Amino acid sequence: MVSEGRVLGRAGRRWPISELLLALGSTSIAVGAIWDISWHSTIGRDSFWTPAHMAIYLGGTLGGLTGGWLAIKHTFFPGQRERTGAISILGARAPLGAWIAIWGAVAMLTSAPFDNWWHNAYGLDVKIISPPHVVLALGIFGICLGAMLLAAARQNREPDGAGGGIYVYTGGIFILIGAIFVSEYTTPNLQHAAFFYKVCAAMFPLRLVVMSRSGRTGWPGAKAALVYMFLECVMLWILPLFPAQPRLAPIFNPVTHMVPPVFPLLLFFPAMGMDLVLRRAGENLGFRKCVTYSLVLGAVFVLIFLAAQWLFSVFLISHGADDWFFAGNRFWSYGARLSDWRWTFWNTEGGPGGDAITIRAMGVSYVLAVVSALLGMLWGGWMRKVVR
Amino acid sequence: VGRLDEEGGAMTRRLAVFLAVLFLMPLVAQAHLGSPDVFFEGKIGAYLTRVTIRMPTVVPGRAEISVNVEAAEAVTVSFLPLYSRTAISNAPPPDVGVPIRGETNYYAGDLWLMTSGAYGIQVNIHGSQGDGSVEIPVTSVALSQLPLPRWLGGMLVVLIGLLVLGGAAIVAGAARDGELAAGVSAGKRNRRKGLIAGTVTLAILVFLLVGGMRWWASEERAFRERMRGGAWPDMRLTTRTEASQQILELTLGEHDLRPDDPLSLIPDHGKLLHLFLIRDGEATAIAHLHPVRKEGKTFQVVLPPLPEGRYRVFCDMTLASSSMSFTATNSVQIPVPVKSMGTNSLEPDPDDSWANYAAAAVPLAEATNAVFTFADGRRVVWKRQLPLQTKQEAGLRFEVSDAAGNAVSLEPYMGMMSHAAVMRRDGTVFAHLHPSGNYSMAAQGYFMDKVAQESGAGVQMASMAGMPGMNGMPDMPGMDHAQMAQMHHAMGGSVISLPYEFPSAGDYRIWVQFKTGGEVRTAVFDAEVQ
């Protein structure tokens, strides 16, 4: 762990261009993804060349080129650190983050013609989750993970944890991508039903724990959650400024401006709790300790998250939230037949077919949260140590 | 693919088989009996216009529309798909047609058809001679399975192989070297760790790949179940003799429709069903009949005196629930007529028509100037440009004259100057044509009513197809101007012009029906399409 990497790092402190470019690439992808959902909710017509798609592909290209450039630099024009501090695959050298970003770019490249054929063969985006979209999602995941790893390795190499800020930022994007992935299930009207909590318990503890465990700044999980909330809010505030018109029938809700995402989940609060739990966890933890922590972290997540979202969603679906800041109950897709359902919680009835919050449902959420947190503990523990 | 065989070879072989099946997949089902594209010819406002709508093979999909306007000055063309089940007020603004470079008054654009069902494509023209619009009905259904191009399949195999192997190599490298400080080489323990991590990752990736493949296969199956490419719904045919009549009974949708589905139909030219019987083999006999409902989904019709033999049967209908039009098909053996005593119970439809001719009477497909001569010397001439090409204007323009060569005045037959049937000789293509186009007039009436009702303009307008005037009266009260203009364009004179493009290469037979001197005639032509 201790070696010339640090020495050189201290001597050669410079702008971390490649980390910044990869962080920018993953930001572009996340922004593009939110923009694309907005496009589908507002305009409806989709082509390869929409600006939202361009933002996603720009992010992929940026990630792939940055990764490729790092691989070329480390393989053909290495300095001392680059020669000995990279991951070698078949004789080619690059930092781990660069390799994963390249992998992500190749996956995104693979999905583009496949997706195009898919539309021609089975219809224009019948379902969001289709095989070519999963390949695309894996590619996006690769770019974001590459950005995280590049920043993590630098943060772990530098004696004073320099680069921790970029790492927390890329972690925020990582949470954001996860939130976009499950956005179909996180509408405020669904936040008094059990499925919402199960989905979030599976998705978010892993991401928050990874950040909390491996970030080298104070409150890393909470800061990453804030990055997520801030970026989502920025999209929420900016998108409705742009006039747009639906171009696909049937139009039940004649929107006049871009439909933004809903107000972000209040992940900051459970993240604070989890940061507190992991504050003095120490460098190396055995599997047993990880399990013990996960049992606590799962409970912390479920309890704080339930309390926060339960109350906040009551506010969000009320008239009180109908302002530019919270935009509660304000923006609905052009295809929505607006009626009183907007002001109610959905699927809250019990019994078969219902999705009420029961002890059993919360038990399932807890188990999911524990498993998710455990994976976060194991992965985050490794992320603490990666230096290449 | 072979490179992946170190892990789960059987699985990758299944991927190879699956991809191979996709490559080799033919068009398994034919569009609306092989002829999905829709053509319109007639007046829109003051402008004589020809519209071609090329339908997508999937839903949701994009249709391509082109509009050719006969006008000296430039006009503005716009189009808008209206969905049968949603209010027109919920439609987006129309799209303006983009002029095709190098052409005059020829416009093109895309139509986004997002749902299965019936759409009325509203075409609007705005020019110095005034405005006009027309609704052209199309049926949006998944038609066929698009094969995966070889290059794309090959590229997918290479790239996915790269992702699987590359992913495993990256994880192996990360596990081996990731935690080592610069300058420290991986020891035996780390190399072992890398190997294990790489192998496990490879196994996971191959597992995911197989899962993805199965997922793809299940999407493929679901798509095929939705596909309405061929004939629909199912049709059972039986014949029976009652008194001196031979009766053909048909039951529709025993399998494809729910038992409680009442099969409500919109009459087209005043008839619920248009049935074409075409004798197999030399196809020297044809009948165009109009069955009436017996009960539920069962219909019956008196058979005209047709020679015995096996007949292909095509049955056109338009559903009232959605205004979608479909063609059902099957074949039936028509026996030698047996006459017996008794009272006939079923009235033949006065608009039923049939023809029986010698095979030698059909003009040769090679003739540029194809002439069909009736027994009384009347003639139908098809002057055509050979060779006939797929997806090119077929030039179905027929001149009718008497034995002396004088033009014959045509009368409307079921409201049209002509009804024509086109069949590819193998039966995979069948289309029912009119001078105004090859769409269902009943479905057009449905959309015209919808526009009139929802815009509040034409309160007095009745459904066109249900009007008594449709059966032969040139003056049709209740029709809107667009419709009248279309009719007038086609009426009078001795020339029949049918807008159509042959959808695929092959040998076709065309039956052109018209009425003159109170009698329906059927001329027959062959066409070889390249």
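### Structural notes on the side chain of S84 of chain B
Piece 1. Relative to the assigned elements, S84 of chain B resides in the loop between β4 (76-83) and β5 (95-96).
Piece 2. Not counting the four nearest positions on each side in its chain, S84 of chain B is found in contact with A118, S322, S323, Y446, F447 and K450 of chain B.

### What to know about the packing of aromatic side chains
Piece 1. In this structure the tally under the stated criterion is 46 aromatic pairs over all chains.
Piece 2. Between W118 of chain A and W216 of chain B, the aromatic rings sit 6.0 Å apart at their centres with planes inclined by 55°, giving tilted as the arrangement. Pair noted here: W118 of chain A is in helix α5 (residues 96-122) and W216 of chain B is in helix α3 (residues 188-226), and the two residues belong to different chains. Residues W118 of chain A and W216 of chain B agree in their burial class; the two are buried.
Piece 3. Ring centres 6.0 Å apart and planes at 65° place the aromatic pair F312 of chain A and F326 of chain A in the edge-to-face group. Separated by 14 residues along the polypeptide, F312 of chain A in helix α11 (residues 287-316) and F326 of chain A in the loop between α11 and α12 (359-385) bring together distant segments of the chain.
Piece 4. One aromatic cluster is present, formed by W237, F263, F312, F315, W324, F325 and F326 of chain A through successive ring pairs.

### Remarks on the pairing of strand β17 (residues 325-334) of chain B
Piece 1. Pairing of strand β16 (residues 309-318) of chain B with β17 of chain B involves ten bridges; the strand directions are antiparallel. Bridge pairing links Y311 of chain B to V332 of chain B in β17 of chain B.

### A look at the environment of A356 of chain A
All names here are of chain A.
Piece 1. Tracing the backbone shows A356 in the loop between α11 and α12.
Piece 2. Counting along the chain gives 161 residues from A356 to F195, while the straight-line C-alpha distance between them is 8.7 Å.
Piece 3. Those residues in contact with A356, other than ones at most four positions away along the chain, are A194, N347, T348, E349, G350 and A361.

### Notes on the sheet that holds strand β9 (residues 130-140) of chain B
All names here are of chain B.
Piece 1. Reading across from one edge, β5-β4-β8-β9 is the order of the four strands in this open sheet, with antiparallel pairing throughout. Both edges of this open sheet fall to β5 and β9, since each of them pairs with a single strand only.
Piece 2. Alignment of β4 against β5, held across two bridges, turns out to be antiparallel. The residue of β5 that forms the bridge with F79 is D95.
Piece 3. Each of β4, β8 (117-127) and β9 touches helix α4 (residues 441-455); the most contacted strand, β9, lies at about 130° to it.

### Looking at the interface of chain B and chain A
Where the parts come together, the accessible area they lose is often given as the size of the interface.
Piece 1. Listed by partner, the interface residues are 48 residues for chain B and 49 residues for chain A.
Piece 2. Taken together, the two surfaces of chain B and chain A that pack against each other cover about 4300 Å², and 69% of this comes from carbon and sulfur.
Piece 3. For the pair chain B and chain A, the interface holds three salt bridges.
Piece 4. Measuring nitrogen to oxygen at the nearest pair gives 3.9 Å for the salt bridge that ties K385 of chain A to E179 of chain B.
Piece 5. Along the contact surface separating chain B from chain A lie 16 residue pairs in polar contact (both at pLDDT 80 or more).
Piece 6. When contributions to the side of chain B that touches chain A are tallied by element, the ones reaching two or more residues are β3 (61-70), α2 (150-177) and α3 of chain B.
Piece 7. Sort the elements by how many residues they give to the side of chain B that touches chain A and α2 of chain B lands first, with 15 residues.
Piece 8. Partitioned by chemical class, the residues of the side of chain B that touches chain A number 30 nonpolar, ten polar and eight charged.

Calculation criteria
Residues numbered from 1 in each chain as written. Chains lettered and ligands numbered in written order. Predicted model: local features only at pLDDT ≥ 70, side-chain atom pairs only at ≥ 80, totals over all residues. Heavy atoms only, no water. Helix = DSSP H or I, 4+ residues; strand = E, 2+ residues; numbered from the N terminus. Contact = heavy atoms within 4.5 Å. Phe/Tyr/Trp six-rings, centres within 6.5 Å; stacked < 30°, edge-to-face > 60°. Buried < 20%, exposed > 50% of the residue type's maximum accessible area, 1.4 Å probe, protein only. Pairing = 2+ DSSP bridges. Axes fitted to C-alpha atoms, helices over the stretch in contact; angles between N-to-C directions. Buried area = accessible area lost by both parts, 1.4 Å probe. Salt bridge = Lys/Arg side-chain N within 4 Å of Asp/Glu carboxyl O. Polar contact = N/O pair within 3.5 Å; in protein donor to acceptor, adjacent residues only side chain to side chain. Nonpolar A, V, L, I, M, F, W, Y, C, P; charged D, E, K, R; others polar.

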